[in-house]
Each structure stands twice: as C-alpha cells, then as structure tokens.
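In case you want the letters, here they are:
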Amino acid sequence: MFGALKKKLKKIIPGLSKQVEQEAEPVKVEEITEEIKKVEPTLDKLAERKKQKDELKEKAAREIKEVLGEPEEKKTILQKIKEGISKQKEVITTISLSEDKFNDLFWDLELILLENNIAVEIIEKIKKNLKERLVNAKIKRGEIEKEIKNTLKETISGLFSVQAEDFINKVKSKKPFIISFIGVNGSGKTTTIAKVTHLLQKNGLKPILAAADTFRAAAIDQLQIHADKLGVKMIRHDYGSDAAAVAFDAIEYAKAHNLDAVLIDTAGRLHSNVNLMDELKKINKVAQPDMTIFVGESITGNDCVEQAKEFNSKIEIDGIILTKADVDEKGGAAISISYVTGKPILFLGMGQKYDDLEKFDSETLIQSLGLD
Ligand SMILES: Nc1nc2c(ncn2[C@@H]2O[C@H](COP(=O)(O)OP(=O)(O)OP(=O)(O)O)[C@@H](O)[C@H]2O)c(=O)[nH]1
Ligand SMILES: [Mg+2]
C-alpha cells in the first residue's frame, strides 16, 4: 500500500521545504534581543563574582604553577554562557511565510494528495494544519521539513480517532453473533466472508454462513464452495427467494446448534438502487445484526469512501473492511474512509487467500507512508 503516495511525498516534501525556506521572510530579531536583555543582569552578576574569583584564582594559580607547571587553557563559565547565547541566536532565527505564498507552494502537495485518492475534506484539514504551522508563525530555519512531515503525520493520525474494538472479543460477547456484509457489486463481500470464517475458526469459534445473495446467478454456489472448503455449515434457499428468510433460517440454525456466529452474505448493490436498498433494510430488520460491515474496494478510492458514506446514511454500518489493499498503490481510501464515515476500519483484504486478512492498524498505516 502507498507505493505511489510514499514515493511522491518523499520527493515533494524536501522540495517544498526548500521553497518555503526561500520564500519565507526572516522574523525580526527584536524578541530574541529582548531575551538576551533579560539574562544580562545575571551575566553582570556572574561577571562580578567571576572577577572576585579570578583575583583569588590568580593568586592560587601563581602558587600552583610553581608546582604543576602551565595549566591547560580552559573556557570560563562566562565564555561558555556567551557562546551558548550566540548559538541560541543562530538557532532561533525564525522565518515566516505569507498566506499567498503558502497557497502557491501548497498547490503541488494538494495535487499529489488528490491524485492519490485522499478525500477533499482531509486535504483541507491538512492544508489548515500546515497553514497554522507555517503561515505567520515562527519556525526555525532548517526545521521546515520536519515540521511539514510532523504536521502530515499528526493530521493523518488524528483521522483515526474511532478505534475498533477487538474483533474476536466482540464476536465472543454474544452467541450467536450476527454480522451482515454489505457493499457494491464485486467489492469482495463473499471472499471476505470466507476469510472471516477462517479467522473465527482459527480462534476456536464456529460460524455458519447465510447465502442471502439470492439475486446474482452463481452467488450461492460461490459461497457454497468456500463453505465446503472451510468445513462450515451454510444455509441456502433458491435463487430469487427472499434473502431475509435465508438470514432468519441461518440464525435459527445457529441458535439450535449452539454456533458462535452467523455471517450473512448479501448481494452487491448500488446505494442508488432503491429496491435493493429496501431489500437490505429488510434483511437487517429481520436478522438484527450485531454488526453491519461495509466491504469496499480500496482501489476505487474516493468512490469507495462516497459509497460507504451513502450506505451508512441508509443502513447504519459499524465498521469497514477495505479489500484489494494489496493492489492499491495509492491508499487514499484507507486514509480517508474512517474520518468521512466516522466508522472504524476493521480489516484490510490483502489478497485472495483465506489468510489474506490483516487487522487494521492506523499506526502501521502511518508508518508505511514513510514520513519519519
Ligand atoms: N487482490 C485481491 N482480490 C480480492 C480481494 N478480495 C476479493 N478479491 C477478488 O475480488 C473479486 C470479487 O470478489 P467477491 O468476493 O466475489 O465480491 P462480492 O462483493 O461478493 O461480489 P458480488 O457478490 O458480485 O457483489 C474476486 O475475484 C476476488 O477473488 C483482496 O483482498 N485482494
Ligand atoms: Mg458475493
């Protein structure tokens, strides 16, 4: 993930920092002079004390010299303090950038973020935060790159304030734990259900599958193949039959057989399809899922984010699984989707094998942006 974005950021940030440095105006050093003025009385006192000490030292030195020879030249405390201050003077030479110049310079970064599918509201947030740090603010020369990287990191990190509870613990909290998987056509719902089944099994839990996609030809058989491979029970009705009834039967079966979880596979649909959205509402009304998971394709970027938002406005979702993250070089959806929907990303689909389901971790995501 982030191959493309990481490469672009790595290139643009040092360039941008250099430009900021060139364009920025040095801040007047009045304040710094004020600081020095403040410490001057202390320096005078030290100088006075030093004078007294020197006289004593000189006297002692004459005697010591006779015994030990010429002493090494050492810096006096006063010299050290003075040097310290002049160093400080260099370091705190600050610069400031006008808003117009900032807007000009930010444009290239903005384009990169847009090209990599980062949602507009997030780009605005990044811009606002960078502006606060760079425009009319005092910033140390030579620290601009660090400041830009830190601002990006902090802003992105702040996008993940909603954290998911541990998935397995959550599933264990109720029996049977009912999960419905929803999303647009081909987003990876059925494959993800197989992966989640495998994950639950690895954790000693027994799920049952509900083939509630009675709409698409071959959908039931596709899920059956996974169920057979994984050795789990699957409830199926005929194609064209009532999807909610399939979910209902699976839940009844799970209750009767003391199973741990019911995973409901639903047909892919566009949020704009009123009939199919109504059907989904019916499934959820009948099944009363403990968790509704939106399964979206990471590679579709902003479309995926918009879909999640639309689905969430019609049928409240509890979490998101982003599939095909293994082939997403941009990663903008992963950065944006939680913030835009207010729902946590639970897992990333990282391939077509049952084990290719990675627990989502925002820290790992931020690290892989290479902003260190
Ligand atoms: N590379 C990759 N491919 C995936 C991933 N998840 C699913 N796929 C592939 O995406 C395609 C569609 O997956 P399905 O699970 O059938 O998607 P669906 O949402 O159930 O599709 P519909 O039922 O038609 O709406 C299949 O070829 C999967 O193998 C993933 O994480 N990575
Ligand atoms: Mg499917």
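Details of the structure are given in the entry above.
Along every chain, residues carry numbers that run from 1 in the direction the sequence is written. Chains and ligands are labelled sequentially in the order written, the chains with letters from A and the ligands with numbers from 1. In keeping with the predicted nature of the model, local features appear solely for residues at pLDDT of at least 70, side-chain atom pairs appear and are counted solely at 80 or more, and the whole-chain, interface and lining totals rest on all residues. The side-chain quantities take in all heavy atoms of the structure and omit both hydrogens and water.

### Concerning the side chain of lysine 127
Comment: elements are numbered from the N terminus, with helices defined as DSSP H or I runs of at least four residues and strands as E runs of at least two. Structurally, lysine 127 is set in helix α5 (residues 120-134). For lysine 127, the residues in contact, after removing those within four places along its chain, are Phe102, Asn103, Phe106 and Glu110. Pairs of residues are marked as contacts when any of their non-hydrogen atoms sit within 4.5 Å.

### What about the side chain of serine 336?
Among the structural elements, serine 336 can be located in helix α13 (residues 332-341). Residue classification places serine 336 among the buried positions, given a relative accessible area of 0%. There is a polar contact of 3.0 Å between the side chain of serine 336 and the backbone nitrogen of alanine 119. Apart from residues lying up to four places away in sequence, serine 336 is in contact with Asn117, Ile118, Ala119, Ile122 and Val305. Working definition: with a 1.4 Å probe on protein chains only, accessible area under 20% of the residue-type maximum means buried, over 50% means exposed, and in between means partly exposed. Think of a polar contact as two N or O atoms within 3.5 Å of one another; within protein, one of them needs to be a possible hydrogen donor and the other a possible acceptor, and neighboring residues in sequence only count if both atoms come from side chains.

### What about helix α10 (residues 243-256)?
The span expected for a helix works out to 1.5 Å for each residue beyond the first. With 14 residues, α10 should cover 20 Å at 1.5 Å per step; its first-to-last C-alpha distance of 20 Å lies within 8% of that length. Here α10 has its buried residues at Ala243, Ala244, Val246, Ala247, Ala250, Ile251 and Ala254. Take α10 and look down its axis: the buried residues cluster within an arc of 160°, on one side only. For α10, exposure combined with an orientation more than 90 degrees from the buried face picks out Lys255 and Ala256. Those residues of α10 hidden inside the fold are in contact with β4 (177-182), β5 (207-212), β6 (234-235), β7 (261-266) and α11 (274-287). Of the residues flanking the start of α10, the one acting as N-cap is aspartate 242, its side-chain oxygen 3.2 Å from the backbone nitrogen of alanine 244. Where α10 ends, the next residue or the one after it, asparagine 258, has phi of about 55°, a positive value. The arc in question is traced by the directions running from the helix axis to the C-beta atoms.

### Concerning the site of ligand 1
Nearness is defined per residue: one heavy atom within 4 Å of the molecule or strand is enough. Taken together, the neighbourhood of ligand 1 is formed by 20 residues, with Gly188, Lys189, Thr190, Thr191 and Gln352 sitting nearest. The contact in question runs from an oxygen atom of ligand 1 to an N or O atom on the backbone of glycine 188, over 2.8 Å. Shrake-Rupley sampling with a 1.4 Å probe provides the accessible areas, and residues are treated as covered by the protein chains on show and by no other component. Here ligand 1, which alone exposes 650 Å², has 83% of that area covered by the protein. The dominant element in the shell around ligand 1, judged by the number of residues it contributes, is helix α8 (residues 189-202), at four residues. In this classification, the charged set is Asp, Glu, Lys and Arg, the nonpolar set is Ala, Val, Leu, Ile, Met, Phe, Trp, Tyr, Cys and Pro, and all remaining amino acids, among them Gly, are polar. Partitioned by chemical class, the residues of the shell around ligand 1 number two nonpolar, twelve polar and six charged.

### Here we look at the pattern of salt bridges
The term salt bridge refers to a pairing of a side-chain nitrogen on Lys or Arg with a carboxyl oxygen on Asp or Glu at a separation within 4 Å. Under the counting rule described, the total for this entry stands at 20 salt bridges. Here glutamate 115 and lysine 8 are joined by a salt bridge, their closest N and O atoms 3.4 Å apart. Taken together, the residues span a long stretch of sequence, with glutamate 115 in helix α4 (residues 99-115) and lysine 8 in helix α1 (residues 3-23) at a distance of 107 residues. The exposure class assigned to glutamate 115 is partly exposed, which follows from its relative accessible area of 42%. In this structure, the salt-bridge partner of lysine 282 is aspartate 242, at a minimum N-O distance of 3.1 Å. Here lysine 282, found in helix α11, pairs with aspartate 242, found in the loop between β6 and α10; they are 40 residues apart in sequence, far enough to count as distant.

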